[in-house]
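Each chain, written out:
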Amino acid sequence: MTRDEIILAGEKFLFPAVFHYYKEPLVIDHAKDQYVWDADGNQYLDFFGGIVTVSVGHLNDYVRGKIHEQVDRLHHVSTLFPTQPQAELAQTIAGVTPNGALTKSFFTNSGTEANETAIMLARCYTGHSEVIALRHSYHGRSALGTSLTGQRIWRGPGAAQPGIVHAHSAYCYRCPLGLTYPSCEVKCAGDVQDVIETTTTGRIAAFIAEPIQGSGGVITPPKEYFSIVQKIVRNHGGIFISDEVQTGWGRTGGKWFGIEHYGVVPDVITGAKGLANGLPIGVTTARAKIADSMRYLTLSTFGGNPVSTAAAKAVIEFIQQQDLQTNCEQVGGYLRERLLELQAKYSLIGDVRGMGLLQAMELVKDRETKQPAAEKTLALMEAARRNRLLIGKGGLYGNVIRITPPMNISRGDVEECIRLLDLSFQEVERQRD
Ligand SMILES: Cc1ncc(COP(=O)(O)O)c(C=O)c1O
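Heads up: these notes are all about the structure in this document. (Residues numbered from 1 in each chain as written. Predicted model: local features only at pLDDT ≥ 70, side-chain atom pairs only at ≥ 80, totals over all residues. Heavy atoms only, no water.)

1. What to know about the nonpolar core
Where a protein is soluble and globular, its nonpolar side chains tend to be buried together. Counting 97 residues, the largest nonpolar core has Val192, Phe207, Tyr225, Trp249, Met361 and Leu421 as the members making the most contacts within it. Counting residues per element, this core draws most heavily on helix H10 (residues 306-321), at eight residues. The residues touching Leu421, leaving out its near neighbours within four places in the chain, are Leu339, Leu342, Met361, Leu389, Ile391 and Ile403. Grouped together as the second largest cluster of nonpolar side chains are 19 residues, Ala122, Ala206, Ile241 and Met294 included. (Core = buried A, V, L, I, M, F, W, Y, C linked by side-chain atoms within 4.5 Å. Buried < 20%, exposed > 50% of the residue type's maximum accessible area, 1.4 Å probe, protein only. Helix = DSSP H or I, 4+ residues; strand = E, 2+ residues; numbered from the N terminus. Contact = heavy atoms within 4.5 Å.)

2. Brief notes about the packing of aromatic side chains
Evaluated as defined, the whole model comprises 12 aromatic pairs. Aromatic pair Tyr138 and Trp154: ring centres 5.5 Å apart, planes at 80°, arrangement edge-to-face. Of this pair, Tyr138 sits in the loop between strand E5 (130-134) and helix H6 (143-148) while Trp154 sits in the loop between H6 and strand E6 (164-167), and the two are 16 residues apart along the sequence. Taken together, a centroid distance of 5.8 Å and an interplanar angle of 15° make the contact between Phe226 and Phe240 stacked. Of this pair, Phe226 sits in helix H8 (residues 225-235) while Phe240 sits in strand E8 (residues 239-243); the two residues are 14 residues apart in sequence, bridging distant segments of the chain. Accessibility classification places Phe226 together with Phe240 in one group, the buried group. In textbook terms, an aromatic cluster arises when at least three aromatic residues are bridged by ring pairs, as seen for Phe207, Tyr225, Phe226, Phe240 and Tyr262. (Phe/Tyr/Trp six-rings, centres within 6.5 Å; stacked < 30°, edge-to-face > 60°.)

3. Looking at the packing of helix H7 (residues 190-199) against H8
In the contact formed by H7 and H8, the axes pass within 8 Å of each other and the chain directions differ by 25°. Viewed along their axes, H7 and H8 adopt a mutual orientation that is roughly parallel. The handedness of the crossing between H7 and H8 comes out as right-handed. Residues Gly190, Val192, Gln193 and Ile196 of H7 form the contact with H8, whose own contacting residues are Tyr225, Val229, Ile232 and Val233. For the contact of H7 with H8, a count of residues per class yields six nonpolar, two polar and no charged. (Axes fitted to C-alpha atoms, helices over the stretch in contact; angles between N-to-C directions. Parallel < 35°, antiparallel > 145°, perpendicular 65-115°, else oblique. Left-handed = near helix turned anticlockwise from the far one by under 90°. Nonpolar A, V, L, I, M, F, W, Y, C, P; charged D, E, K, R; others polar.)

4. Observations concerning the sheet that holds strand E7 (residues 204-209)
Here we have seven strands laid out as an open sheet, ordered E4-E10-E9-E8-E7-E5-E6, and mixed in their pairing. What marks the edges here is a single partner per strand, and that holds for strand E4 (104-108) and E6. Taken pair by pair, the neighbouring strands of this sheet meet at an average axis angle of 20°, ignoring direction. Relative to strand E9 (residues 268-271), E8 runs parallel, the two being bridged by three bridges. When the sheet's bridge partners are listed, Ile241 is paired in E9 with Val268. Along the sheet face, helix H4 (residues 84-94) touches E4 and strand E10 (282-286) and points at about 130° away from the line of E4. (Pairing = 2+ DSSP bridges.)

5. Details of the pattern of salt bridges
Per the stated rule, a full pass over the model turns up 19 salt bridges. Here Arg3 makes a salt bridge to Glu24, at a shortest N to O gap of 3.2 Å. With Arg3 in helix H1 (residues 3-13) and Glu24 in the loop between H1 and strand E1 (28-32), this residue pair connects regions lying 21 residues apart in the sequence. On the accessibility criterion, Arg3 (27% relative accessible area) is partly exposed. In this structure Glu24 comes out as partly exposed when scored by relative accessible area, which is 41%. Close ionic contact of Arg353 with Glu362 constitutes a salt bridge, the shortest N to O distance being 2.7 Å. Summarising the burial analysis for this pair, Arg353 and Glu362 share the class buried. Linked through salt bridges whose partners overlap, the residues forming this network are Arg3, Asp4, Glu24 and Asp40. (Salt bridge = Lys/Arg side-chain N within 4 Å of Asp/Glu carboxyl O.)

6. Focus: the site of the ligand
In the vicinity of the ligand, the contacting residues are Ser110, Gly111, Thr112, Asn115, Tyr138, His139, Gly140, Glu210, Asp243, Val245, Gln246 and Lys273. Residue Tyr138 places a main-chain N or O atom 3.4 Å away from a nitrogen atom belonging to the ligand. In this structure, an oxygen atom belonging to the ligand sits 3.0 Å away from a side-chain N or O atom of Lys273. Relative to its unbound accessible area of 390 Å², the ligand is 84% covered by the protein chains. When its residues are assigned to classes, the shell around the ligand shows two nonpolar, seven polar and three charged. (Near = heavy atom within 4 Å. Polar contact = N/O pair within 3.5 Å; in protein donor to acceptor, adjacent residues only side chain to side chain. Areas by Shrake-Rupley, 256 points an atom, 1.4 Å probe, with all protein chains shown as cover.)

Now the structure itself:
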């Protein structure tokens, strides 16, 4: 098929809900490591990784080798039969959770399902049903996932599920309480207490949060935030679910999971995206006594799929072998420095935030009023595409540029990204004139 035939067939035979980046959709033909090529043969530096999912580079040779071995051996039997890849992956994951405290996993196919499983588990374990989530969060596209999500644009057609309430996000750049860190004493964490006391029965099943709110615009809470919240959640009988779909597996630098930067051991971790470098997988990993409480009849036909789990184990091995957590810390630190240089050059960049190789820039029309620059963000996306750089967009106001390259990139790749971003900002500035 030609590029145009692909686009036309999609328009005719896919739901229009399948939307694309860019005014003219970019048809990707093939990829290798940090690069993708479009249907016309143009090469792009991929600093978005298929929405934070290509964790160790497109078609990573080590992971690809393990996938091939598995593809030639066994594709599918369902969770009704034990398989070696699933057992090995569960064991591997148990070995990397914070303090080794979370030892039992349930595999599914996506982040949405991983979160669904976590909420069901919390309800089994606590006997309570109400859940606290955060504003600006994203937790999935199902009925429960959209109800957990704290962004109007991602909450679907309405009629959210009952029993889920949303506390303030620790969104320092736009503090919901109008305060400034650190003199604020992280008062936003106390909102979890207020919300529990005023909008629930006081007996909750769970608090679910992303350590860094990815889709919400890489909102990065202050370091004290989660330990304060965890105490409140425990006092009300709930468990703490850390949604690590974007922050997991080393991306935040120096640690396996984003929540570890906050000195907190959660009760449940959910993962997906980068875990299998692009093969479908979801995982809910819990403390054993919590996992053991899920006793109702349930299964996931594709959960623990041998090919996906073999890929995921290979990804974790590759991260360990190449010490990619350190790479994320060092190269991510360099990326941050260079983004701050861009911020000094372009007043459009109101804020730079994130951890490791999960970084973002919030674009504003005016640094005083912080009015979101959504149109300029779109213009920057288009300019970056013309300059052969793929980056992501997010935030409730559509004004955050997300930069999430594979975790095994080098400083040289960062330099190239910054050069292309600089060119793109220049183009957007010229458009303003
Ligand atoms: C933090 C977070 N949780 C859950 C999900 C849902 O994952 P999936 O799209 O695999 O269902 C996403 C997807 O972007 C996410 O970013």
